[in-house]
Amino acid sequence: MIRKELVAASAEPLILSLLASGESYGYAIIQEVKTRSGGKLNWTDGMLYPVLHRLEHRGLIKSRWGESETGRKRKYYSLKKDGKTAMHKHHEQWSLIHGVLAGLKKEKYA
Amino acid sequence: MLAAGVPSPVPLDELEIHLRDEIEQRMRAGFSPQVAFETATQQIGRPHQVQGEFQKIETARDTLKWKLQQLALVAGAGLFPLWVSCIVLFKVGGFSQTTPGERVSCLAVMAVFSLLFWGGRLSHGLFPVIPSKRTRDAILVAGFILVAVWWMVFFNLIVPRYDFTAGQFGVAFLWGFATPAGAFAGLTWGIETAARKPRAASTT
């Protein structure tokens, strides 16, 4: 299991990146993250919504109420322009960290 | 969730819809309705933790709003006396007929106004800390009603009893209008600043 500090730190870039491919809603975002991480990145469901609301408050994403195919009311979130910029910054930073770690690992096991 | 005080009905709507989706999914996976409900509610997380996260957003919103309000207050506290003082000193409009003594009195009103306005902010440590926003709002509304009643009494009942010259009217107008306005603004600023002080300390 991934440590909760890392789970919390990765929530924002993951949400922004998922929304970059189109609008989505809370439940679907959680399922997508779970599937992509092979079940290793397991968010506490209720914690996703404060993050979504915070991103919306910061003007990175926007929301609208809509209906699912079954007629159930749903709140859909989508990326705003500032969100896209924030996502790119996250990608740069995470790539940097990944690059440093990969380099260190390579040196150690070379 | 309601019992835990999750603040706005909108997140509650979302959480409820999420819970229904999760229960349906688990039932499709073969769980009984009872087990599906229990495991789904566990997965949502503890109400006080979720509430805590929403509270952080509310606090951030409140902080931004308070900064903007303070900017408006600083602008009001600075610009209004400056504007009135310029009108008085340069004898604009009705103030062209004021005597030197009346002009000094007008400037004194502005000094008192500024003192009351800034006094509230600077002496916020003397104000009681009222954590409830509703109580603070009630005090401020009551204060504003008192000031408004005073303005009505002063301008409709007191001022017409006297045969003022234009200059005297200007002086009376400023004393009757600006002094309670300054006191009210100072009270507002002091109460709101006092209420935010412990919160700021606890979040750092």
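Our subject is the structure that appears above.
What counts as what
- Residues numbered from 1 in each chain as written.
- Chains lettered and ligands numbered in written order.
- Predicted model: local features only at pLDDT ≥ 70, side-chain atom pairs only at ≥ 80, totals over all residues.
- Heavy atoms only, no water.
- Helix = DSSP H or I, 4+ residues; strand = E, 2+ residues; numbered from the N terminus.
- Buried < 20%, exposed > 50% of the residue type's maximum accessible area, 1.4 Å probe, protein only.
- Contact = heavy atoms within 4.5 Å.
- Areas by Shrake-Rupley, 256 points an atom, 1.4 Å probe, with all protein chains shown as cover.
- Core = buried A, V, L, I, M, F, W, Y, C linked by side-chain atoms within 4.5 Å.
- Salt bridge = Lys/Arg side-chain N within 4 Å of Asp/Glu carboxyl O.
- Expected span 1.5 Å × (residues − 1).
- Pairing = 2+ DSSP bridges.

This paragraph deals with the overall build of chain B. Along chain B, the regular secondary structure elements total six helices and zero strands. Along chain B, from the amino end to the carboxyl end, the secondary structure elements read α-α-α-α-α-α. Looking at chain B residue by residue over its 204 residues, the buried ones come to 35%. Taking the contacts inside chain B whose residues are at least 6 apart along the sequence as the reference set, 75% of them involve residues at least 24 apart. For chain B, the exposed surface amounts to about 12,000 Å²; the carbon and sulfur share of it is 69%.

Another aspect to go through is the nonpolar core. Of all hydrophobic cores here, the largest spans 31 residues; its most connected members are Ile15(A), Leu16(A), Ile29(A), Trp43(A), Leu52(A) and Ile61(A). Mapped onto this core, the elements with two or more residues apiece are helix 1 (4-20), helix 2 (26-36), helix 3 (45-57), strand 3 (73-79) and helix 4 (81-109) of chain A together with helix 1 (9-28), helix 2 (33-44) and helix 3 (47-89) of chain B. If you tally residues by element for this core, the top one is helix 1 of chain A, at six residues. If we ignore the near neighbours within four places in the chain, the residues touching Ile29(A) are Ile15(A), Leu18(A), Leu19(A), Ser24(A), Trp43(A), Leu48(A) and Leu52(A). Within the second largest apolar cluster, 18 residues are counted, among which are Trp66(B), Val88(B), Phe113(B) and Ala185(B).

A full pass over the atoms with the stated rule returns 15 salt bridges over all chains. Ionic pairing is found between Asp21(B) and Arg74(A), a salt bridge with its closest N-O pair at 2.9 Å. Here Asp21(B), found in helix 1, pairs with Arg74(A), found in strand 3, and the two come from separate chains. One exposure class covers both Asp21(B) and Arg74(A), and it is buried.

Further remarks concern helix 4 (residues 100-122) of chain B. Under the 1.5 Å per step criterion, the end-to-end length of helix 4 of chain B is 32 Å for 23 residues, consistent within 8% with the ideal 33 Å. Among the residues of helix 4 of chain B, Glu102(B), Arg103(B), Cys106(B), Val109(B), Met110(B), Phe113(B), Phe117(B) and Gly120(B) are the ones counted as buried.

Looking at chain direction, strand 2 (residues 61-67) of chain A and strand 3 of chain A are connected through seven bridges and run antiparallel. Looking across to strand 3 of chain A, one finds that Ser63(A) is bridged to Tyr77(A).

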